[in-house]
Each structure stands twice: as C-alpha cells, then as structure tokens.
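Notes for the structure review
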Amino acid sequence: MKIYILTINPIFLNLHKIILLCLLVICIKKSYSQDYRITGSVRDANTAKSIPNVEIKLRGTNLLTTTNAEGVFELNGMLPEGKQQLIFSKIGYQTLNLAITLEGNKPLDLLYIPMSVDLKELNKELDRISLTESELTSEDDQQDNIVSGLLGATNDVFSNAAAYDFSATFFRPRGLDSKYSKVLINGITLNKINTGRPQWGNWGGLNDVMRNREFSKATEPSAYSFGAPAGVLHFNMSASKYRRGGRISYAYANRTYTGRVMASYSSGLGSSGWAYTVLASRRFGNEGSIEGTSYDANSVFISVEKKLSDKHSLNLVAFYTPNRRGRSTALTQELIDLKGYTYNPNWGLQNGNIRNSRQREIREPIFILSHNFKISDQTKLNTNFAYQSGLTRNSRIDYTGSTLITSDDNQESFVGGARNPAPNYYQNLPSYFLRFANPTAANYQNAYLAQQAFENNGQLNWDQLYKANSSAENSGLNPIYAVQNDVNKDDIIRVSTLFASSLSENYKLTAGISGSLLKSQNYAELDDLLGGDQWLDIDNFAEDDASTGGNLAQTDLRNRNRLVKAGERYKYNFEITSTKASVFSQLEATYNHLDFYAAIQGGFANYQRNGLYENGYYPGNLSFGKSDQVTFNTYGLKGGLTYKFNGKHFALVNGSLQRLELPSNTVFTNSRQNNAILEDASAEQIISLDASYIYRSTFLKAKLSAYYINFSEGSDLSFFYTQSLQSSLIEQGNALVQEVTTNISKRNIGLEFGLEYKLLPTLTLKTAAAIAENTFRNNPNIYYTTTLANEQISFGNNQANLKSYHVSGGPEQAIQLGFDYRDPDFWWLGASINRFSNAYVDISHLRRSGAFATDYDGLPFNDYDVENAKTLLQQEKLDSYYLLNIVGGKSWLINGKSIGFFATINNVLNTRYKTGGFEDSRIGDYRSLKEESEREQPLFGNRYFLGYGATIYANLYLRF
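None of these values were measured; they are calculated from a predicted model.

**Quick look at the overall build of the protein chain**
When helices and strands are tallied, the protein chain shows 12 helices and 46 strands. Based on the C-alpha atoms only, the size of the protein chain along its principal axes is roughly 105 × 70 × 55 Å. Here the protein chain, with 960 residues, has 54% of them falling under the buried criterion. Split by element, the accessible area of the protein chain, about 40500 Å² in all, is 54% carbon and sulfur.

**A closer look at the nonpolar core**
Grouped together as the largest cluster of nonpolar side chains are 32 residues, with contacts concentrated most on L725, F776, Y784 and I793. Mapped onto this core, the elements with two or more residues apiece are β37 (735-758), β39 (781-785), α11 (866-872) and α12 (926-934). Of the residues forming this core, the biggest block, three residues, is contributed by β37. Apart from the residues within four sequence positions on either side, F776 is in contact with I744, S745, K746, L802, K803, S804, Y805, H806, V807 and I843.

**Quick look at the sheet that holds strand β44 (residues 914-918)**
In space, the three strands of this open sheet follow the order β18-β45-β44, with antiparallel pairing throughout. The sheet terminates laterally at β18 (331-332) and β44, the two strands that pair on one side only. With two bridges joining them, β18 and strand β45 (residues 943-946) adopt antiparallel strand pairing. In the strand pairing of β45, T332 is matched with R943.

**Topic: the sheet that holds strand β11 (residues 232-235)**
Backbone hydrogen bonds hold the strands of a sheet together, and the pairing may be parallel or antiparallel. Read from one edge to the other, the open sheet built from four strands follows the order β9-β8-β11-β10, with strand pairing classed as mixed. Looking at strand neighbours, the two that pair on one side only are β9 (188-189) and β10 (213-216), the edges of this open sheet.

**Description of the environment of S898**
By the secondary structure assignment, S898 is in strand β43 (residues 897-906). As for S898 and A69, which are separated by 829 residues in sequence, their C-alpha atoms are 23 Å apart.

**With respect to the pairing of β37**
In the case of a regular strand, side chains alternate between the two sheet surfaces. Relative to β37, strand β36 (residues 700-722) is paired through 21 bridges, and the arrangement is antiparallel. Note on β37: the bridge partner recorded for A706 is L751. Looking at chain direction, β37 and β39 are connected through five bridges and run antiparallel. Looking at the pairing, V740 lines up with Y783 of β39. Direction of pairing for β37 relative to strand β38 (residues 763-776): antiparallel, over a ladder of 13 bridges. From the neighbouring strand, K758 faces β38, where its bridge partner is T764. Hairpin connection, β37 to β38: the antiparallel pair is bridged by four residues.

**A short note on the confidence of the model for the protein chain**
In this model, the protein chain carries an average pLDDT of 89, and 92% of its residues clear a pLDDT of 70 or more. For the stretch residues 1-32, pLDDT sits under 50, and the model shows 17 contacts to residues farther than four places along the chain or on other chains. Segment residues 127-153: pLDDT under 50, and 98 contacts once partners within four positions in sequence are set aside and those in other chains are kept.

**Quick word on unusual backbone geometry**
Positive phi is not limited to glycine here, since L530 has a value of about 50 degrees. If you trace the backbone, L530 turns up in the loop between β27 (507-528) and β28 (535-536). Not every positive phi belongs to a glycine, and N561 is a case in point at roughly 50 degrees. Assessed through its relative accessible area of 14%, N561 is described here as buried.

**Structural notes on helix α5 (residues 157-164)**
For α5, a buried count of eight out of eight residues is recorded, marking the element as mostly surrounded by other parts of the structure. Among the residues of α5, V157, F158, S159, N160, A161, A162, A163 and Y164 are the ones counted as buried.

**Quick notes on the pattern of salt bridges**
Evaluated as defined, the whole model comprises 39 salt bridges. Notably, a salt bridge pairs D377 with K374, separated by 3.4 Å at the nearest N-O pair. Here R822 ties to D820 by a salt bridge, and the two come within 3.2 Å at their closest N and O atoms. Residue classification places R822 among the buried positions, given a relative accessible area of 15%.

Conventions used here
Residues numbered from 1 in each chain as written. Predicted model: local features only at pLDDT ≥ 70, side-chain atom pairs only at ≥ 80, totals over all residues. Heavy atoms only, no water. Helix = DSSP H or I, 4+ residues; strand = E, 2+ residues; numbered from the N terminus. Buried < 20%, exposed > 50% of the residue type's maximum accessible area, 1.4 Å probe, protein only. Areas by Shrake-Rupley, 256 points an atom, 1.4 Å probe, with all protein chains shown as cover. Core = buried A, V, L, I, M, F, W, Y, C linked by side-chain atoms within 4.5 Å. Contact = heavy atoms within 4.5 Å. Pairing = 2+ DSSP bridges. pLDDT = per-residue confidence, 0-100. Salt bridge = Lys/Arg side-chain N within 4 Å of Asp/Glu carboxyl O.

Below, the structure is given as structure tokens:
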C-alpha cells in the first residue's frame, strides 16, 4: 500500500491544487482496490429454472450487471478487498442480499443462487396498475395532471400514498401540471408537442406490460433523461425484460368502464436468443360513474427481441390502443342542486340509446425499434427510433348552419343559425327567469316551469335537432345543426441515443441525445349532418355588411361559400411543423457515506404554422401560408448529494435550473384562424430546490421533504366568450376572445411527509401528509384579441392583478392515516382515511385586469366601491372532505401457477366533494359581477370539477 502526504497552505489553495488533491485521494482509494471477477447462476427457488434479466449490483458502488438467458452473470471491476454485499433484484421476486468476501485477487464463482417468487409484491403491483388505469384513460386536464405521480409510486411512503389514495382527488404532487413531467418508453420521450403533456390514452389497457418502470422524482438523476420538475417516468418494454409466463384476467369497475378482459404472455429470453411478449385487452361500458359516459377501447401489444450476440440485441415494440369515450363537463352549483353530482348535460336518447355529443377518440399506433450495444460490462449504448401516426377527435354540436341568400343586385347575406341546444344553456335554467332585481309572480312561475322541465329531463334532445334540420330542408334551406369533430392528426419521428458507463466502482457517466420531427394537421371535420345533406362553410357570427361582399364570413376566401358533405374538412385547416433536439450529460458518484451527481442539458424547439385556408377576417398571409418561425433555446443545470450517516439515516439535497420551451398550442394565439404569434414569446424558467431526511430501519421507515419551485416568464392562452370586454371597439362588450397572459411568475413551496411502522411482521401502520402553498408571485402582462377588432385590446396598465392568488390544481393539503395487513397465507387487507383541504377555483384573469373597474369609455365606474370589489374578487376556497378507502385480496400458488383476486373500494362512505373549478369569464366587470352577487342564483356562477362517489374495482386473474 502506498501512502501519499500532501501539505497545502490554505492561502495559496486554488482550483488546480483542488483538482490535484482530488486525484491524489482517488489514487489512495484505488491503492486499496484490486481487479476482481465475480460469476454465478441465478435460478427460481421453486422450479430451478434460470431467471434472465436479474439485476446484480455491488452495494456502495455503481458496478452492476444482469443475467443472460441462462441466468448466468459476470461482474468485473476494481473492488475493495474484504466483505461486500451483492444485491439481486427483479420484479416479481424477493430481493436477495448476499454477503460475499473478496480476497487475494481471487475470482469468485457463486454457482447456484436461488431467488423466490414474491407473491406479495406481485399482488401489490397488480393493485397499483389497476388503480392507475382509470386515470390513464382520462383526457381531461384535471385528471391527466396526476398520472405521473400515480405510476411513480415507489418504496417511498409518501409516493405510495399519493399513488393509491390522494390520486382520486386529482391531487398534484408538488402542485405540478403533467406538462412538467416526462414519460418515456424504451428511451423515447412521448409527451405531446402541442400540449407538452403525455397522452395516456395512447397506452391505456397495457397494464400487464407496464410493470418494468423507473421513476425519478423531481430533479433526482435519471438514466434516460436530464429530468423534469415533476419527474421522469420510464417504461422498459423490451421483450427480454419480462418474466416468463402468462396472465389472464377479468375486471369489473364502475368508475369509467364497467368491464375489462386482458390476456398476455411472455416467452422470456430463450437459448436461441429470441424473446417476445404479446398482450390483448378490451375495456367497455355503456356508462361509468358519470351519466352518459360510454367507453369502448381495445389494446394490442407486441414486443419482439433478438439477441444477435453477447454484445448486440434488437427489439421492436408496437402497440395500438384505439379508444372512444363519452365526456362530461364541469357543473355550476345550480346544476348540482337540480340534478346531482353525476349529471352530464352532453348526452340524450336517440332511438332509445344513449348518445353523447362530446366524444373523444384516439387512434395513434406507436412503433419503437431499439438497438442495445453492450460495449463492455461497464459500458452500454442504446439507440432508439420511434414512429407515431394517427389522430385524436373531439366532437361537439355545431348550431351555426346557414344558407346563402343572393339579392337581385348580387348582394350576399346569410340566414340561419340557432340558439345553443345544450340543455344546461343558461336561458333554460330557473336562474334566468329570476335574474331581475325584483322578480314578479310571472318570473317565479316561469322559473318553476323551467325547474320542472329541467329536473324531469335536462338532457340533449336529439330528435329536436333532426326535426329542425328536416324543417329547414323542407323550406329550401341548409341544415342548422350538425356534429363537428375537432381533429388533430400527427405524424412524428423520434430518435434517441443513450450512453451509460461505469467509469469505476464509484463513478457512472450517462449521456444522451434526442430529437423529433413533427407534422401536425389540425382541422374541423363535418361528422354528422343529422339528417341533412350539405353544409355552408361560413362563419355565422361574422359582423358583416353589404360592402364587403360577405368576405368576413368566409372560412376560406379561396373557396367562397363552399358547400361541404359529411366527412369533409371545413371551418379551419392548418398544419404545425416542429423540430426539437436536446443533449444531456450526467455524472454520478457513489461512496460509502456520500453520493453526489451533476447534470447539464441543452436543446432547442422550433415551430411554424402553415395556413391552408385564407380566413375572411385575416386575408392574405395573415392566415394563409407559412407563419414566421418561432425558436426556443432551452438548457438545464442540476445537481445534488446524499449523505449517509449510517445504514439508517440519510440526508438529501437537490437543485436545478431549467429553461423549458412553450407547447405549440400556446405559441400560436389563434391558430385556427391566423398566423399570429405570442407577443414576447420566451422559454419558461424554473428553479427547483428540495431537501429530505430519510430514516430506514427494520420496523420504521420515514421521510420528510421540503421543496421550493419558482416559475418565471411563463405564458398562458385561454379562449372564451365574454360580455365584459370593456372597450369602445366592442359593442356592449360581447366578444369571443383570445386571452394572452405573459411574464407569469408562480411559486410552489411545501412539505411532504411519510412514515410507516411495522407493528407486527404482518401489520404495518402508515401515515402521510402534504402541506403546500402554490401562488402567483407577480402581476403578469395581459392582452386580448378578437375578430371584432383589428388591434390588440389592453386595459389599464396592461396587467392582471394575480399576485398572491392561489394557483388552482387540486387540494394543497392532504393527510392520511391507514394500515396494511399482509398475511403469510397470501391474503391482505388495507384501509386508509384521508383528509383533503385548501383547494381553490381557478381565477378569471379578465376580472383582475383593468376591464374590471372601467366602463366602455375607459373611465372608472361611477358606482365602484373598493371594499365591495375586494369581496367580489375573493378567490373561492373549496370545502375540505374525508375519503375512506379499502383494498384487499387473496392469492394461491398452485404448481407454479398463481390464482387470485383483489378488490378496492374508494370513497366507501360515498362522500360528495368538489376537487376544483374555475370562474366564468363571461362576466368580468365590476357592475355585472355586483349584479350577479345580488341574485338568488347567479347566471354565470363558478363551475366545478366533481369527485367520484363510492367506486369499486375488482379483478380476478390467473398467472402461469
């Protein structure tokens, strides 16, 4: 052993001497190490069959390897002499910690290492995947936001609570929207470019093949990506990674679908070097927990892998999950009082069958080809190519059908259009007839009649729509009503290369490069003319006169007054092209008492719109042809360390700085009509810091985390109809507007706590809590655009007074108490009581702009009262509530086959609660809002997202 002695005068200590010192310390460390070779064979303890793809890691180092098709492994490296510990792990098997002794540079052959099937963990995994599935099927932003946290459940007590129990309330871990997370399959990022969010419907129904996953929370290091504020979730769907065997299951549920059948089989990696995994499933239901929400989904999956040699393998993954479901909507308190928490106005009966006017359909097959190159035991290179093509459709009623009338002097005019046929349209409700300050007896009578009609029916009248169209055609007019599809059709190519190398027993280097090319077609499609024959493609709401020759109303000036048939495009038609690329590098170090890491990332995103229609409001290149290109340069820096006081006490600190591009649907402020680009578009900056203390012992596990996340230079885009655009340019303030908010600053701070105590070998008590505050930290800039004005409209100081208001997004506080009993005879029971509070509705930016206090002439309202205004602008805080959840099941192991069932009941007490909501910007000025507050029932009250009542999920399965 060599000993180096170095004396350094602190006065002259500088950077190059620090580096020299570190190198000398490493030399000392290496002088204790020798080159060792460890081999062995891993087999099933019950069947003695070899187990491929078992991960073997030497504790306290970055050295790891996996077993081959025959269950054999070899681990080489510079290792310290003496007692060490090998960790053998694979999903479905009990983790094995094996003590070994290295001495005299002698190779170590472990020959036969038995691993036992872990039925408890497999059943727990089934619980998690199945509980998650109802959220995977959702495309509503409220639900979509929490899915990353669901599948990110780990041994972390708090993460499990968020996954199993907090998710039902649309709780967002750390208050983060899912656009701040990343989801990857086989190294390919699959977030949608137009929204930035994962589209979970693309892989719904693939439960059995979604078990091999890794979740890197917040800014923790990831082996597949630089990371994201809400974490990185990676699924490994390579065929050789699945445990050999099959599974058949049937599930009953009452939340989204009512039935699911699924079958899957994995061959495992055979001696010929081939492996495959296949899956097929179907989910169905005429109606879920919410009225009129039909469900129809099929899923197929195949993964085939060929091991070409000891160093090379190819894997092809293909899956297709076409699904169609009826959607619901947010409700006002008046609607809840009249029809209850399960009311859905989107559906009605047609020929005795439920038909939902708002259907969402997803058809986007995905193909991923991967090449794995094992350069050495310590170095691997993974290259992936993905292609995705298909479409999403969202349907709705179009009630603007018109007919062209040409006068004798060739002047054009249009007749037609109708009132919104939605049953919850405000003029159908009792509050409409009681809107006056002193209602008369006739007003009360009309309100009573409206209430009776709504309570007795209150659903969409399809027969009435057909009759109206038939009547119009009998009069020589075009139909008035139709069903429209808003279609997004994407063709996207994605590539990635990931490099990983254990530089030594202490250091691991990870690097990656990725890119994508997107061509996205966006258009309205005439789906169903409801008995009609043809549709006049003009804008019925156009403010036009004879001098324009009807040009403003034209959807496409190059095809004036076009008549379209079912299945054809109309209204709007444009393309978005996008090019994205990024590169990252990450260094991790592992020592006995200290782990640390650092990572850096850089990239860019480029967008361009290409208008295929020349809109009447925006002639020429304002709408037709290519827009200017928009480019965002992105970067990221992050690092962290873990100090291990001993085997039980750990302290962690992480931090990151990121610049993230805006999604394309925010960059183009009115993409359906023109080429306008967000003013002062800039990448959003996010600073994240967190610190944790962890305690782990045989009986007690606890983790306490504190975090701080600061957002700046963010942007938001909203579309709505308002009666309060207080501008002299707009008659009576009535306009369909695009609201553009920029330079948004927000701050999320909070604590997360989780603890579980093993009271008995079979009984574990658990508790978890989240306490947070998510607020706006500035008054961002805001402006409005509309077809009714040729210029941007701003009010006052061009800002929205949002500072200190809460950012909406589920409850900020959640607390859990529960237990988990797992009997040695493979039956289990768990229950938890959960309290949720501090959820806030999303505030109207228009109400907090200068439009609130000023009249159409720009002067302040003469009856404006500051104290009353504060009351009117107070953000609504939703009531707190408790949810009781129960889960249990039983399994049997018979001749190597597992048979079992489990069931979960969420919200056992059928508690009715609101998870979130938003203010209606139709009313946005002081005088109108004051009138609203004085009514018995507001016309345009807050709209709420409602939680489910009692729901059940039961699953029966056979694993072989």
